[in-house]
Amino acid sequence: MKNLVKILDSVDILKMDRRTFMKGVGLLGASTFLSTYSTQIVSALEFAETKIIWLHGAESTGCSESLLNASNPDVAQALNKLNVNLAYHETLLAQQGIWVDGKLANTADLNSEILLEDLIKQGNYILVVEGSIPMGPAGSGRYLVIGEKPFKDTVAEAAKNATAVVAVGACACWGGITNANSDIVNDTDYRGIAFAKTDPKKGLFTELGIDKPVINIPGCPPHPDWILLTLGALILGKVTLNDLPSILDEYKRPMLFFPPDHVVHDNCPRRGYYDKGLFDEGAGGPNCLWKMGCKAPYAHGDCAMRKWNGSVSVCTQAGPCIACVEPGFPDSSRPLYVEAEDKGVLLGADVGTIAKVTVGVAAVAAGVHAVRRMKGE
Amino acid sequence: MVNVTVDPLTRIEGHLRVSTEVDANGVVTDAQSSLLLFRGFERILQHNDPRDAALLVQRICGVCPLSHSLTSTNALDNLYGVAEQVPKDALVTRNIFQGLNMIASHATHIYVLWGPDLANPAYKNVLATLGDTGNAVWKEMVGRFAPISYKIDGVPVPAGSSYMAAIPEKKRLQEAIAVIGGRMPGPVTPYPGGYFYKPSLPDIEKLASYYLEVMDFVSNYTLKVPFDTWIANTYKASSPQKAVSFVTEHLTDLINKTKGSNDFSRAAGWGDAEFYAAFGSELVGEKLLGLPASLKHDLIGGYKDPSKINFLSYGGYYKPKDGYDPKSPAEDRIFPSGVVTGKLEYLKFDSDKITESTAHSFYQNSVEDLQPAKGETVPFTDPNQIVYNNDSKSRYSWDKAPRYDGIPAEVGPLARMLNMKEPLVTGLALAFNEKGYSAANVYTRMMARIQETAILAHELLTWVTVDYDPNGKIAVPLDLEKGKNSTGMGLWEAPRGALGHWVSTDGNGKVVTYQCVVPGTWNMSPRDSAGVPGPMEQSLMGSKINAVGNILGVDYANPVGIFHIGRSYDPCISCAVHTIDLTGKNAPRTLRIL
């Protein structure tokens, strides 16, 4: 965290190498990013457009909704400035699948299935996946069939010719809510692209033998800046595929937005009440929500700095954090309204001492076991 | 007979397949609606703290997460025995929260999901036959409603002005929700007994300023007649006839002004709502206003047999007083509960009259028709049985077929406006009925959505500036003991229609059963045990598949009529199919697909 601030204060952002770029832009937000980079965006426009294929699996469209909430620039402006052709996106595109007597009809101008086939054939695109992928029942993937094809097959085909794959949202990253513990979770067998819960061996790509670089943008939903800035950095060449091992954590999350040494609690608007030892035990109060189950001490996200929806608020301003950016969400956060285990560690400690603990360490003070659990250990 | 299938029907939430049989005249003779996705929602709530439901059920749908969250909160209010004590200011805050989301959801549907079909090239071809006037109308349609990344005949078409302007407005509305919800989507504030966050005076001022900005959009793009004038003469009109007369007189003025110039621009007074109100309907546009042509959206998406359809509302938005009745009697909510029959008779809503059939769904239940609370679900686990290209006698959807008193029901803005006897929509429905059209059709469905958006904008201002008191009480304490061995029912209205959640707990206060009956289940339902098709299926049958009554002949490869009808319901498939019970034999047997 301190490093990030230092970078921001002391480094000429235009001269940054690719790695520090990834660190720096995250703190600036999309609008500063695009205005700072106007020259480079103009030159980017002189190059070929970047195509994006955005596939929807088992999802709620919440991630796309979140993307549409991007402010200054909004998503349409950003795509325009970055010369992105959002070539396929089921919620937004003009086309739809049209079949006449079982055969695809019309052209790619109106038929989404022809469009998708063409795009995959042409290659040279970034593949974004929103939503999880069912392997069930019995490995068939038929719990989600679109255009007569199991969704897992469509993802596999689209992945083949993609230059990079970005998993957007908890479902695409680890299965998310579709993979939460229940009596039926093994039967539906929902997978994320690179993980199932925290297990990389059970990720869809490993299962299907696909070897492609994957970036995870978790969150339920993810912040639109996380999505746009990641795509922007890839498009502008600020991040190359070779850089990924150094900028992603073990769960393939960009450390810039999901810093290993920073949690939401560090910058929580209610932090002052926590430092004073004032805790709410019901709804509607102004105090720290630890006792109402707030998981901000375990949530590795820059939410409280970046803020949400045009920076007007953040979850913990209004209610408890549910740590939706962590692997294994939602199981890792349940029960949502019960303080994470080991409350003795926090409440037994001298609150004044806790207040002096440096940023980032508070999470440890708040419950080592809980942190481990969040990581699925 | 030609099979014309749309799969996927895009620009909706989730994954939907619409399969039709079309005759040589381009008229649909048979239709099947298939929901293609199967998740596992209610099961993940089992054995857990019921309070988690209000946040986790938001993940059923990212477009209307607040509706699920508030419906769940209603069920939890009931479960913990606090519904009658929820403070007035918490209820008003919930109204604001839901109202903002419903406006945003409708605006997204109108401009981003549904509107682009008005830029379908079929309209260009039809309108070109009408000379300068036709070309001028096309120029408005493609200029306002074309989506991003759009091409006609391989040539890129710039995104429409209304489409582009609507995206930041939707974003602004979401920002307003975040002011009182932390973030959007995924707000963390719905909580039984009240609301988690107490909006402050500065928050209320922010909401007011967002409101003014959104109303700027409305007056610049949607409605050129002053908003208050519109509300006073439609929503507040003394009779349905007066509301319709006001609109037709206003449109007549516009037509008279435009005569000779072919200027249908917004600058000439043609807001998007006025434009569609006049040109969308044959009855309104051609017969009442004397326009040379219309899109004839009133001739598609209607019901041929009024005895096989109801319009159902569970009731939404609390009256500004402490406490509410979880059973939602008609007088308890601002948007009342009720049932309007296909013949436009008004009945009282009784939740005991809901049953669900699985005769045409991918389930192997012992009994096909059951009340939701007793429902069972034994789905196919053999992949070879999950097929979508068999005929309408087969099983073809993950959706069940809910019926009210044995009859399919349409839910959503049209059903709500009819149940609340909203003058303009009721007046239009009566006029269509009288002239031999179906009261429900693509045009009335869209006009109801537009009018409901206006009504909510009107009510919202009252909630924000009059009803809400920043010094009031925002929650009553929750006694978790009362949530043991208890049950709760939450009835509410989502943007897409009637939404119900039911919860029960064990002696440890953990969830035993959790069930949802959602709008998409009703509208997109397959056939029932008696073989009666669901609302969308019925509304496809007998409709023409091409633009403007197939005037240029039949084109199976661009069935824009099917696109319009399907999207006119604003389908939300994630909501409609959100649960699965692979065994059906484990207690409890009440976990169901919806």
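This text follows the structure it describes.
All of these numbers come straight from a predicted model, not from anything done at the bench.

> Would you take a moment to explain the overall build of chain B for this structure?
Looking only at helices and strands, one finds 20 helices and 19 strands in chain B. Whereas a compact globule of 594 residues would reach a radius of gyration of roughly 25 Å, chain B reaches 23 Å, a difference of no more than 12%. Projected onto its principal axes, the C-alpha coordinates of chain B cover approximately 75 × 60 × 45 Å. Put simply, chain B has 594 residues, and 72% of those count as buried. Relative to all contacts within chain B whose residues are 6 or more apart in sequence, the contacts with residues 24 or more apart total 70%. For chain B, the separation between the mean place of its 56 positive charges and that of its 62 negative charges on side chains is 1 Å.

> I keep staring at the overall build of chain A and nothing clicks. Help me out?
The secondary structure content of chain A amounts to 19 helices and 11 strands. Across the 377 residues of chain A, 64% fall into the buried class. Within chain A, contacts between residues at least 6 apart in sequence are counted, and of these 71% link residues at least 24 apart.

> Even after reading the chapter, I still don't get unusual backbone geometry, so can you show me in this structure?
Leaving glycine out, the prevailing phi sign among residues is negative, and the prevailing peptide bond configuration is trans. The peptide bond linking Phe329 of chain A to Pro330 of chain A adopts the cis configuration, its omega dihedral lying at 10°. Residue Pro8 of chain B is reached from Asp7 of chain B by a cis peptide bond, and omega for that bond is 0°. Positionally, Pro8 of chain B belongs in the loop between strand E1 (2-6) and strand E2 (16-22). You will see that Asp101 of chain A, though not glycine, has its phi angle at about 50°, which is positive. With respect to the element layout, Asp101 of chain A can be found in the loop between strand E3 (98-100) and strand E4 (103-104). We classify Asp101 of chain A as partly exposed; its relative accessible area is 46%. For Ala323 of chain A, which is not a glycine, the phi torsion comes out positive at approximately 50°. Structurally, Ala323 of chain A can be placed in the loop between helix H15 (315-318) and helix H16 (343-347).

> Looking at this structure, how should I read the pattern of salt bridges?
Any two side chains of opposite charge can pair if their charged atoms end up close together. Across all of its chains, the model carries 40 salt bridges over all chains by this definition. The shortest N-O distance in the salt bridge between Arg17 of chain B and Glu148 of chain A comes to 2.7 Å. Here Arg17 of chain B, found in strand E2, pairs with Glu148 of chain A, found in the loop between strand E7 (145-146) and strand E8 (149-150), and the two come from separate chains. We classify Glu148 of chain A as partly exposed; its relative accessible area is 38%. Between Lys296 of chain B and Glu286 of chain B there is a salt bridge; the shortest N-O distance is 3.1 Å. Taken together, the positions of Lys296 of chain B in the loop between helix H12 (282-288) and strand E8 (310-313) and Glu286 of chain B in helix H12 put the pair 10 residues apart, joining distant regions of the chain.

> In this structure, what is going on with the sheet that holds strand E15 (residues 401-404) of chain B? I would like to understand it.
Sheets are built from strands paired through backbone hydrogen bonds, the pairs being either parallel or antiparallel. Spatial strand order, E14-E13-E15 (chain B): three strands in an open sheet with antiparallel pairing. The open sheet has two free edges, formed respectively by strand E14 (369-370) and E15 of chain B, since each of these has just one partner strand.

> Just checking my understanding: could you explain the packing of helix H10 (residues 240-258) of chain B against helix H14 (residues 423-434) of chain B for this structure?
All names here are of chain B. Two elements in contact, H10 and H14, have axes whose closest approach is 7 Å; the angle formed by their N-to-C orientations is 90°. Looking at the two axes, H10 sits roughly perpendicular to H14. Taken together, the residues of H14 that come into contact with H10 (itself represented by Pro240, Gln241, Ala243, Val244 and Val247) are Pro423, Leu424, Thr426, Gly427, Leu428 and Leu430. Along the lines of polarity and charge, the residues of the contact of H10 with H14 split into eight nonpolar, three polar and no charged.

> Whenever I open this one, the interface of chain B and chain A confuses me. Can you help?
Many authors give the size of an interface as the accessible area that is lost as the parts come together. In this complex, chain B contributes 96 residues to the contact, which on the side of chain A involves 83 residues. Across the interface of chain B and chain A, roughly 7,200 Å² is buried in total on both sides, 59% from carbon and sulfur atoms. If you look at where chain B meets chain A, you find two salt bridges. At the boundary of chain B with chain A, the tally comes to 34 residue pairs in polar contact (both at pLDDT 80 or more). Grouping the amino acids of the side of chain B that touches chain A by side-chain chemistry returns 52 nonpolar, 23 polar and 21 charged.

> Explain the nonpolar core to me, please; I cannot follow it from the model alone.
When a protein is soluble and globular, its nonpolar side chains tend to lie buried together. If you look at the biggest cluster of nonpolar residues, it comprises 281 residues, and the most contacted ones within it are Leu127 and Ile193 of chain A. Counting contributing residues, this core receives three or more from each of domain 1 (2-247) and domain 2 (264-375) of chain A.

> Honestly, helix H3 (residues 65-79) of chain B in this entry has me stumped. Any pointers?
Given 3.6 residues per turn, any residue in an α-helix points the same way as the ones three and four places further on. When the terminal C-alpha atoms of H3 of chain B are compared, their 21 Å separation across 15 residues agrees well with the 21 Å that a helix rising 1.5 Å per residue should span. Directly after H3 of chain B, the chain includes Gly81 of chain B, whose backbone phi takes a positive value near 70°.

> What exactly am I supposed to notice about the environment of Gly175 of chain A here?
Residue and element names in this part refer to chain A. Tracing the chain through its elements places Gly175 in the loop between helix H8 (170-174) and helix H9 (185-188). Residues Gly175 and Met255, 80 residues apart in the sequence, show an inter-C-alpha distance of 21 Å. Look past the residues within four positions of Gly175 in its chain and what remains in contact with it is Ser132, Ala170, Arg191 and Gly192.

Cut-offs and rules
Residues numbered from 1 in each chain as written. Chains lettered and ligands numbered in written order. Predicted model: local features only at pLDDT ≥ 70, side-chain atom pairs only at ≥ 80, totals over all residues. Heavy atoms only, no water. Helix = DSSP H or I, 4+ residues; strand = E, 2+ residues; numbered from the N terminus. Rg over C-alpha atoms; globule rule 2.2 N^0.38 Å. Buried < 20%, exposed > 50% of the residue type's maximum accessible area, 1.4 Å probe, protein only. Contact = heavy atoms within 4.5 Å. Lys, Arg positive; Asp, Glu negative; His and termini not counted. Charge placed at Lys NZ, Arg CZ, Asp CG, Glu CD. Salt bridge = Lys/Arg side-chain N within 4 Å of Asp/Glu carboxyl O. Pairing = 2+ DSSP bridges. Axes fitted to C-alpha atoms, helices over the stretch in contact; angles between N-to-C directions. Parallel < 35°, antiparallel > 145°, perpendicular 65-115°, else oblique. Nonpolar A, V, L, I, M, F, W, Y, C, P; charged D, E, K, R; others polar. Buried area = accessible area lost by both parts, 1.4 Å probe. Polar contact = N/O pair within 3.5 Å; in protein donor to acceptor, adjacent residues only side chain to side chain. Core = buried A, V, L, I, M, F, W, Y, C linked by side-chain atoms within 4.5 Å. Domains from an automatic or database assignment. Expected span 1.5 Å × (residues − 1).

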